[in-house]
Amino acid sequence: MTTEDTTTETVAEESSNDPTNDDMLIQTDVSESVSASGTESTRTIVESRNVNVWYDDDQALQDISMEIPENQVTAMIGPSGCGKSTFLRCINRMNDLIDAARVEGELYLGGKNVYDADVDPVALRRRVGMVFQKPNPFPKSIRENVLYGLKVQGIEVDEDEIVEQSLRRAALWDEVKDRLDESGLELSGGQQQRLCIARAIAPDPEVLLMDEPASALDPIATSQIEDLIDDLAEQYTVVIVTHNMQQAARISDKTAVFLTGGELVEFDDTQKIFENPESDRVEDYITGKFG
Amino acid sequence: MATDTRTTVSEGFGEVSRTVGTAFRYLLLAATLVGILAVGVLFVYVGNDAIQPLTADPGWHLTFFLTLVVPTLAVGGVLRARADGSFRVGLESLGLLAVMPLFAGGVATLFLSVLPALVTFSYAVALGLVVATVVALMRSRRVGFGAKLLVVGVATVVSLLFVPGIIQSLPFVPVEWLLVALTLGTPVAAIAGAYATSSWNDRRTGRIAGAAALGGVVAAGLLGSLIGFGGTAATILAAVAGVPVALYAATALDRHPARRDGLLLPLTVVGGMLLGAFLVRTVGFAGPAAWLDWAFLTGPNSITAEDAGIYPALVGSILLMLIVALLSFPVGIGAAVYLEEYAPDSRLAQLIEVNIANLAGVPSVVYGLLGLGLLARMLDEGLPILPAAIADPLGLEPVRVGANLFGIGTVFVGGMTLSLLILPIVIISSQEAIRSVPPSQRQASYGMGATRWQTIRNVVLPKAFPGILTGTILALGRAIGETAPLLVIGAPNQFGLPQELSSRVGAMPLQIYAWATTSGTPEFYAKVIPAGVVVLLVAMLAMNSVAIVLRNRFQS
Ligand SMILES: Nc1ncnc2c1ncn2[C@@H]1O[C@H](COP(=O)(O)OP(=O)(O)OP(=O)(O)O)[C@@H](O)[C@H]1O
Ligand SMILES: [Mg+2]
């Protein structure tokens, strides 16, 4: 892995949908890291090094460096506006779509810097799925919503099976199984959120970025989504943003605490963060003294 | 007592003054009414001159009042009071019944007066083969895009070069109405099938609907030629008006049984009209001496008011609209998609956008000059594929194509000029529609790993399409009324029926202008011109109604 400090700018132009680009992000070098507590050893799948993000002249992220372990759940917590969503968007280069955004630094996925010039952001996003903060189903049928990723990625599967399986895992199947041909926009807010989760997991991404996936869900649906995340973590890597401390404590293996101004204050095992954080500011934030 | 209560209430909440708001509201109402009243008065005036309803017997009015107006109002009132959506179904089917025959009439003029049935059929078959190739290729995933493009390109050229010739030289060809039935019925059946598939969610129903549509069209043609109505006319009426009405009725009957009673409204109207016509004929009441009659619609122009007809101008307008639609829609929508989705947000792009906005405001007579100078004069000898400046030094013959198309006042030049005129409007309204697609949906698509092209195709265009179509159809409505550019490119005032793209063409507004200037006798002013204006307005409103229906359909 290169250690020289090269900064790459986002490349707004996207190259065409060439199937060979799928193999662009080869796992060249996977760094082995030992988590801070030293109890378990996992491979790092996403590693950011000195990532800075600006929106025009306002800096939204400052020098973020962290290593996200493979097949685990990493939670990001922090007050509103501290840059959690921005960081998620760095991982799958969704920031490319925002004209004002400028990303500097290096972000490795499986050892390959995704901001290298030869990386096709479309191919990248096929490996890194995303659930957005605001539910954004397409004005298409529920079925078509779930199958969208498979369709654009040209994956051929048994459609009925995938639809049912994805909706079941997203805890939505029972509510919509009789109206798969109705528009996804006719669902309630919480149902839309789960539909977006089903849509994101249908094409089997390696890394799943979830931006407050349970913000509009009742306790039962929330716990079903948490079960799903638990499940997913056996095969996939999940990065989840949440404002719910208990949720972060329940489901995540690692927790990153961002604080206002876009700095990453602490990143460690979840247990350590919640029981014995290094920083007083983190302790204040978690215990609710500071937001 | 009452004042006491009031003071206690106002002590509780206080009062908010709404005087300014109320005044503002009535000012706005007045502004709205001024416009609507002005247009309404114009319509009544012109309609009165063209139809002359007061010349009819009072008995005629009474008969129709009793058979048509009263039952319609009664049925409509009942349906409306039920408030279960059946009134809406009734209005929609009535509208369909009123507008689709107009479109059938437009299509019929083309088939009866301009396009020879066999030639049209042979080209339709050639195009059908190309479409079939495209569909077959789209299914297969193994062939690469480049190869597909090559195959389609070759198929297009080969098919268009050879197939029409082969078909036209066949020793036996079907009768004219059967050719028209196949040419028109096949695409109509395909669309009907696709519509039925999507609204019943069932392929089998779709196939049945398609087959029924084609069968119905052919049967109508046969019937029409047997009873002497004219096989071709019956075919076209069935394909353009019959199939959509039947599909709509079937959807209402089967898909929304609760609203099926709405279909009583059109039945009442049609039944009332037939009954009324029967009664006035048996009793012998005279109808209005309308100037706008069948003879006016289908007759050639004349210098005497009695014989003046609008048919050549009507056909000219239809031809022009066809060319304008074919040219300006793809170019305008393409430009809009490029500007919104691909063009970098640079100074140049901004400059282009500002200029398009300015072009939309350029007076139409200037476009006429452009058409005259560039198209009719410069390209009079055809498009220089190999200009003389290059050909001569090489010792070759210069190559030019389309020499007969360009020229003073031809259909083709007229259509191109009007296309240029509405192109900026088409671009701007399409851009507007594309811009209104929420960014969150684009993000959702990109986030799923879609390319830009996939996002545009699957997310942006489907969502923007109704808006794009509405804007472009309204732009077309502007083109149909334009007079100045056609005058400038030298479209003639007195003309025969345009037969091909290289014929000289007139149009309805031009014809009306000619009537008003050169043959401006009181007869013309009082009768012929109002009748022409009504035809023009009805044609324009029919086109706009499509836009209105589309907007209502897709906005909900
Ligand atoms: N598209 C954008 N354009 C300009 N500034 C932006 C944009 N998106 C985010 N920002 C700014 O970047 C900062 C971080 O925003 P971000 O959305 O990442 O916060 P967040 O941690 O996800 O907050 P929340 O918990 O409320 O979702 C904020 O100050 C915000 O104003
Ligand atoms: Mg956020």
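Our subject is the structure listed above.
Just so it is clear, the structure is predicted and the values come from calculations on it, not from any experiment.

Turning next to helix H10 (residues 280–287) of chain A. All names here are of chain A. Residues of H10 that are buried: Val282, Tyr285 and Ile286. Taken end-on, H10 shows its buried residues confined to a sector of 95 degrees, consistent with a single buried face. Away from its buried face, by an angle of more than 90 degrees, H10 presents the exposed residues Asp280 and Thr287. Those residues of H10 that are buried lie in contact with strand S4 (73–77), helix H8 (245–251), strand S10 (254–259), strand S11 (263–269) and helix H9 (270–275). Between a side-chain oxygen at the N-terminus of H10 and the backbone nitrogen of arginine 281 the separation is 3.0 Å; the capping residue is serine 279.

Here we take up the packing of aromatic side chains. Evaluation of the coordinates by the stated rule reveals six aromatic pairs over all chains. Judged by centre distance (4.4 Å) and plane angle (45 degrees), the ring pair of phenylalanine 138 of chain A and tyrosine 148 of chain A falls under tilted. A residue pair is termed long-range when its members are at least 10 positions apart, and phenylalanine 138 of chain A in the loop between strand S7 (128–131) and helix H3 (142–153) and tyrosine 148 of chain A in helix H3 qualify at 10 residues. You'll find phenylalanine 138 of chain A and tyrosine 148 of chain A in the same group, each marked buried. With a centroid separation of 6.4 Å and 35 degrees between ring planes, the pair formed by tryptophan 515 of chain B and phenylalanine 524 of chain B is classed as tilted. What makes phenylalanine 524 of chain B buried here is its relative accessible area of 1%. Linked through ring pairs, Phe296, Trp515 and Phe524 of chain B together constitute an aromatic cluster.

All right, on to the nonpolar core then. Of all hydrophobic cores here, the largest spans 68 residues; its most connected members are Phe296, Met321, Leu418, Ile422, Met508, Trp515 and Val528 of chain B. Take this core: its biggest share by element is 14 residues, from helix H12 (residues 311–342) of chain B. Leaving out residues up to four positions away in the same chain, valine 528 of chain B has contacts with Trp291, Phe296, Ala305, Ala308, Trp515 and Glu523 of chain B. The next biggest cluster of nonpolar side chains, apart from the first, holds 46 residues, and it includes Leu147, Cys196, Ala200 and Ala221 of chain A.

For the magnesium ion (ligand 2), the full set of protein donor atoms is Ser85 of chain A (OG) and Gln133 of chain A (OE1), and the range of their distances to it is 1.9 to 2.3 Å. You can see serine 85 of chain A sitting in helix H1 (residues 84–91) and its partner glutamine 133 of chain A sitting in the loop between S7 and H3, a full 48 residues away along the chain.

Below, the discussion takes up the site of ligand 1. Residue and element names in this part refer to chain A. The immediate surroundings of ligand 1 are formed by 14 residues, with Ser80, Lys84, Ser85, Thr86 and Gln133 found nearest. With respect to ligand 1, the side chain of serine 85 contributes an N or O atom lying 2.6 Å from an oxygen atom. Top contributing element to the shell around ligand 1 by residue count: H1, with four residues. The residue makeup of the shell around ligand 1, split by class, is four nonpolar, seven polar and three charged.

Calculation notes
- Residues numbered from 1 in each chain as written.
- Chains lettered and ligands numbered in written order.
- Predicted model: local features only at pLDDT ≥ 70, side-chain atom pairs only at ≥ 80, totals over all residues.
- Heavy atoms only, no water.
- Buried < 20%, exposed > 50% of the residue type's maximum accessible area, 1.4 Å probe, protein only.
- Helix = DSSP H or I, 4+ residues; strand = E, 2+ residues; numbered from the N terminus.
- Arc of directions from axis to C-beta.
- Contact = heavy atoms within 4.5 Å.
- Polar contact = N/O pair within 3.5 Å; in protein donor to acceptor, adjacent residues only side chain to side chain.
- Phe/Tyr/Trp six-rings, centres within 6.5 Å; stacked < 30°, edge-to-face > 60°.
- Core = buried A, V, L, I, M, F, W, Y, C linked by side-chain atoms within 4.5 Å.
- Donors = N, O, S within 2.8 Å, 3.2 Å for Na, K, Ca; no water.
- Near = heavy atom within 4 Å.
- Nonpolar A, V, L, I, M, F, W, Y, C, P; charged D, E, K, R; others polar.

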